[in-house]
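# Architecture at a glance
Take a look at the letters that make up each chain.
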Amino acid sequence: AARPDRDWNATVPVVGIAGGTFGDTNSIRQARAAAKNYLMRLRDSGRLMTNADTGWKIGLSRASINELTQFGQEKLNLLIALPRIANVAVLADSAPNRKPAAQGESVVAYHTLYAPVALNGELRIARLVVQEQAGGRYAFDLQQSSVLNAQGPAGVARFPGIESGARRPGEAHAWTVG
């Protein structure tokens, strides 16, 4: 359900990301391997990423990391900034897990968070999907997470940098949620 308590005019900082973070090679396979190695190091170190909006400490599951084999370059480029994106993302929607529980399945709900990112200077929206697991743990569902065009959760294009005086969307330093 959408959050009725959300101030959709709140300002959220834009996370700047330079392209090619894992793509310095000419091979998407090598980029995926480098991204997987980075995320496995984060996971194995026990690092949890804190979301400022909810206070949740969010981890990475091995299953989610293994799904990198299907990621394109654009989505891979966001992963290096995942801790920063996770920090500024705002919770927009939550829904209970309606699928029948498989053996060992512990997902009780899915939460969707959004964060503005400047990917190579182009304003985009990162959508992060977080699984709430039994016992109150949270983990990213990287397969369901994605990069959207410069639109807010409601689908309305917003370029707040222009509204606040920037000359181009890439100059925006903050983004309004709505």
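Because the structure is a prediction, the values reported are computed rather than measured. (Residues numbered from 1 in each chain as written. Predicted model: local features only at pLDDT ≥ 70, side-chain atom pairs only at ≥ 80, totals over all residues. Heavy atoms only, no water.)

### Notes on unusual backbone geometry
A negative phi angle is the norm for most residues apart from glycine, just as the trans form is the norm for most peptide bonds. Look at Asn-120: it is not a glycine, yet its phi comes out positive at around 55 degrees. Within the fold, Asn-120 resides in the loop between strand 6 (107–119) and strand 7 (122–133). By relative accessible area, which is 58% here, Asn-120 ends up exposed. (Helix = DSSP H or I, 4+ residues; strand = E, 2+ residues; numbered from the N terminus. Buried < 20%, exposed > 50% of the residue type's maximum accessible area, 1.4 Å probe, protein only.)

### Some words on empty space enclosed by the protein
Applying the stated criterion to the full structure yields one cavity of 30 Å³ or more. Approximately 90 Å³ is the volume found for the largest cavity. If you trace the largest cavity, you find 13 residues lining it, with Lys-75, Leu-78, Leu-79, Leu-128 and Ser-145 closest to the centre. Sorting the residues of the lining of the largest cavity by element identifies helix 3 (73–79), helix 4 (82–88), strand 7 and strand 9 (146–148) as the ones contributing at least two each. Across the lining of the largest cavity, the residue classes tally to nine nonpolar, two polar and two charged. (1 Å grid on protein atoms, 1.4 Å probe; cavity = no way out; pocket = protein on both sides within 12 Å on 5 of 7 lines; lining within 4 Å. Points joined across faces, edges and corners; volume = space filled by probe spheres on them. Nonpolar A, V, L, I, M, F, W, Y, C, P; charged D, E, K, R; others polar.)

### A few points about the pattern of salt bridges
According to the stated counting rule, one finds two salt bridges in the structure shown. When the shortest N-O distance is used, the salt bridge between Arg-43 and Asp-44 registers 3.4 Å. By relative accessible area, Arg-43 is classed as partly exposed at 31%. (Salt bridge = Lys/Arg side-chain N within 4 Å of Asp/Glu carboxyl O.)

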